[in-house]
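Working through the structure, step by step
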Amino acid sequence: MKTKLICLVLLAFSVGFFGTKATAQDLGPHFKKIKDGIFVYAEKPADSNATIILTSEGVVLIDSGHRPPDSVAVAEALKKLTSQPVRYLINTEPHPDHTAGHWMFSPPAVIVAHAGATESMKQGLNPERARKIVAEYPNLPAMKNFRPVWPHIEFRDKMTLQVGDRWFELRFLKSVHSEADTAIWMPKERIVFAAASVGVKRFSNLRPFVKITDTLEGIKMMRALDPEIVVPGHGPAGTVKILDDMEKYYTVLLERAGAMVKQGKSLDEIKKELVIPGTEDWQGKDRYPNNIEAAYRAVTGK
């Protein structure tokens, strides 16, 4: 009798913690289970990832979907997984392909982002852009409630968040992609969410303020955590090899750009001649020129 009672208690806790026993397959083809109670969603490989994390005290989301239909898909998946509310939604970056879906989850979710995210989001999701997004999905009923939702909490440099028995360590990634990039480390699960500091066979958009040296420092910091799983801002989750591959790419890019500068070549000449073997099948080739520009800035100090 005592054994049966213990089993019932454990079963009740398991259902309370992980919600229903829905599998990644039950949720749909675009969900991948990476740990117990943790599911990563992206419709297409190049899309931004949105991650569902179940805890004993509610749900934590990492970003809210690439497009409105993706945010709706995540919300529908949550209904299958748990009856608990979304308590926190943590932004890895402020751009609309990571944040425009917040309206589906907040309230009740508290939005957490690094300092500078609100201003960036207001520029990226201004009233005109919001109207265009609504107009793109006239047959999506949820769009009747669409509205921008800004962060409720902005942290600086580091923040630790506990939800149930899950711990989240938030760390600012300086000058890697946007004005407010955040790496999220789950120490017990050994998962790091690397934001857009890295990608999977994908050239990142290196804006004029992005510094490759800062990106390499961010990669070094995340590798030192000894993660088992790396979830990039875009692309499938994988191992620490994601960090290693991007570090190798940026290191070679700097070395070759530096060598060509020493040869007296101009930026235009470097753009025409600099080739990085192994990137032939990478996505976003239109971004490669601004990667070279970032490397040129780094080696010349301009």
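Source: prediction; values computed, not measured. Going along each chain's sequence as written, the residues are numbered from 1 onward. Reporting in this predicted model follows two pLDDT cut-offs: at least 70 for local features of residues, and 80 or more for side-chain atom pairs to be given and counted; totals over whole chains, interfaces and linings ignore these cut-offs and use all residues. Hydrogens and waters are ignored; side-chain quantities use all the structure's heavy atoms.

**Observations concerning the pattern of salt bridges**
Selection rule: By convention in these notes, a salt bridge is any Lys or Arg side-chain nitrogen within 4 Å of a carboxyl oxygen on Asp or Glu. Counting from the N terminus, the helices are DSSP H or I runs at least four residues long and the strands are E runs at least two residues long.
As enumerated under the stated definition, the model contains 19 salt bridges in all. In this structure, Lys79 engages Glu76 in a salt bridge whose closest nitrogen and oxygen atoms are separated by 3.2 Å. One end of the pair is Lys79 and the other is Glu76, both in helix α3 (residues 68-81) and three residues apart, which spans about a single turn. Between Asp165 and Lys188 there is a salt bridge, with the nearest N and O atoms lying 3.9 Å from each other. You can see Asp165 sitting in the loop between β8 (158-163) and β9 (166-173) and its partner Lys188 sitting in the loop between β10 (181-186) and β11 (191-195), a full 23 residues away along the chain. Counted as one network, the salt bridges with shared partners bring together Lys35, Arg190, Asp226 and Glu228.

**A few points about the sheet that holds β8**
The criterion, for reference: What makes two strands pair is DSSP finding at least two bridges between them. Geometry is summarised by axes, namely lines fitted to C-alpha atoms with helices restricted to the contacting stretch, and by angles between N-to-C directions that run from 0 to 180 degrees. Contacts are assigned to residue pairs that have any heavy atoms within 4.5 Å of one another.
Spatially, the five strands line up as an open sheet ordered β8-β9-β10-β11-β12, and their pairing is mixed. Each edge of the sheet is formed by a strand with only one pairing partner; in this case those strands are β8 and β12 (229-232). Ignoring which end each strand starts from, the neighbouring axes of this sheet average 20 degrees apart. Here helix α7 (residues 212-224) sits on the sheet and contacts β9, β10 and β11; the angle it forms with β9, its principal contact strand, is near 160 degrees.

**Brief notes about the environment of Thr23**
Under the convention used in this document: Each residue gets one of three labels from its accessible area relative to the maximum for its type: buried under 20%, exposed over 50%, partly exposed in between, using a 1.4 Å probe on protein chains only.
Assignment of secondary structure puts Thr23 in the loop between α1 (2-18) and α2 (24-27). By relative accessible area, Thr23 is classed as partly exposed at 32%. The spatial distance from the C-alpha of Thr23 to the C-alpha of Glu217 is 37 Å, given a sequence separation of 194 residues.

**Quick word on the packing of aromatic side chains**
Heads up, the condition is: Centres within 6.5 Å make a pair out of two Phe, Tyr or Trp rings, where for Trp the six-membered ring is used; the pair is then stacked when the planes are under 30 degrees apart, edge-to-face when over 60, and tilted otherwise.
Tallying each qualifying case throughout the model produces seven aromatic pairs. A ring pair is formed by Trp103 and Phe146, whose centres lie 5.0 Å apart and whose planes are at 65 degrees; its orientation type is edge-to-face. Highlighted residues: Trp103 in the loop between α4 (96-99) and β6 (110-114) and Phe146 in the loop between α6 (127-136) and β7 (153-155), separated in sequence by 43 residues. A residue is classified by how much of its surface remains accessible, and Phe146, at 11% relative accessible area, is buried. Joined through ring pairs, the aromatic side chains of Phe203, Tyr249, Tyr250, Trp282 and Tyr288 make up one cluster.

**Looking at helix α8 (residues 241-262)**
Just so we agree on the cut-off: Any helix carries an expected span of 1.5 Å times its number of residues minus one.
Between its terminal C-alpha atoms α8 stretches 31 Å, which fits the 32 Å expected from 22 residues at 1.5 Å a residue. On the buried face of α8, the contacting elements are α7, β12, α9 (267-273) and α10 (288-300). Once α8 finishes, Gly264 follows within two positions and takes phi at roughly 85 degrees, a positive value.

**A short note on the nonpolar core**
Selection rule: In this text, buried Ala, Val, Leu, Ile, Met, Phe, Trp, Tyr and Cys residues form a nonpolar core when linked through side-chain atoms within 4.5 Å.
Ile212, Tyr249, Tyr250, Leu253, Leu274 and Tyr288 are the most contacted members of the largest nonpolar core, which has 36 residues in total. Secondary-structure elements contributing two or more residues to this core are β10, β11, α7, α8 and α10. Take this core: its biggest share by element is 10 residues, from α8. Once residues lying within four places of it in the same chain are set aside, the contact partners of Tyr249 are Phe203, Ile276, Thr279, Trp282, Tyr288 and Asn291. Formed by 33 residues, the second largest nonpolar core is a distinct cluster that contains Leu54, Leu81, Ala130 and Tyr137.

**Comments concerning the pairing of β12**
Regular strands show a simple pattern: their side chains alternate between the two faces of the sheet. Cut-off, in case you're wondering: By definition, the crossover connecting two strands over a helix is right-handed if that path, from the first strand to the second, turns clockwise as seen with the strands pointing away from the viewer.
Of the two faces of β12, the one lined by Ile229 and Val231 and the one lined by Val230 and Pro232 are each fully buried. Sheet topology note: the β11/β12 ladder contains four bridges and is parallel. What sits directly across from Ala195, in β12, is Pro232. Handedness of the crossover is the feature at issue here: the chain leaves β11, passes through α7, returns alongside β12, and the resulting connection is right-handed.

Purely geometric stuff here, so don't read any function into it on its own.
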